[in-house]
Amino acid sequence: MESLMGLLLGTLQLFYPLIVMSVIAIVLGLILRSWLWTLASAVLIYPDAWYISGTPAFPWAAYVPLIPVFVAIWIFLMKKRTI
């Protein structure tokens, strides 16, 4: 796992682009009421959250991807209820 994160965040320099793409995905998910976009946001933010949670000051950062996951579940259940 560390080698994959090292490749994504170190070699490819994708720290900030992943954050930006995650924010765009969550905004699109909320505007379109799409659980797939919000779930994509959680997947995109995971490497950054994993990296930041390794520092002693932010051990809670590992739980940040759970926020879009819960929003995706909420949107999925709301769509299922209206259909």
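Since we're looking at a predicted model, the values are computed, not measured.

A. Representation of the environment of Lys-79. Along the polypeptide, Lys-79 turns up in helix H4 (residues 66-82). Each C-alpha atom of the pair Lys-79 and Leu-28 lies 16 Å from the other, and the pair is 51 residues apart in sequence. Every residue in contact with Lys-79, bar those within four places of it in the chain, is listed here: Leu-32, Arg-33 and Ser-34.

B. Expanded view of the environment of Ile-19. In this structure, Ile-19 sits in helix H2 (residues 15-32). Looking at Ile-19, the relative accessible area reads 27%, which means it is partly exposed. Counting along the chain gives 28 residues from Ile-19 to Pro-47, while the straight-line C-alpha distance between them is 9.5 Å.

C. Inspection of unusual backbone geometry at higher detail. In the Ramachandran plot, Gln-13 falls in the positive-phi region, its phi being about 55° despite a non-glycine side chain. With respect to the helices and strands, Gln-13 occurs in the loop between helix H1 (2-11) and H2. The phi dihedral of Arg-33 falls on the positive side, at around 55°, and the residue is not glycine. Tracing the backbone shows Arg-33 in the loop between H2 and helix H3 (35-52). You can call Arg-33 partly exposed: its relative accessible area is 46%.

D. Focus on the confidence of the model for the protein chain. Model confidence for the protein chain is summarised by a mean pLDDT of 90, while 99% of its residues fall at 70 or above. Within the protein chain, no element has a lower average pLDDT than H1, which sits at 80, and none a higher one than H2, at 94.

E. Just the packing of aromatic side chains, in detail. One pass over the full model with this rule turns up four aromatic pairs. Summarising the aromatic geometry, the rings of Phe-58 and Trp-60 are spaced 5.7 Å apart at their centres and angled 85° between planes, so their arrangement reads as edge-to-face. For Trp-60, a relative accessible area of 52% corresponds to the exposed category.

Conventions and cut-offs
- Residues numbered from 1 in each chain as written.
- Predicted model: local features only at pLDDT ≥ 70, side-chain atom pairs only at ≥ 80, totals over all residues.
- Heavy atoms only, no water.
- Helix = DSSP H or I, 4+ residues; strand = E, 2+ residues; numbered from the N terminus.
- Contact = heavy atoms within 4.5 Å.
- Buried < 20%, exposed > 50% of the residue type's maximum accessible area, 1.4 Å probe, protein only.
- pLDDT = per-residue confidence, 0-100.
- Phe/Tyr/Trp six-rings, centres within 6.5 Å; stacked < 30°, edge-to-face > 60°.

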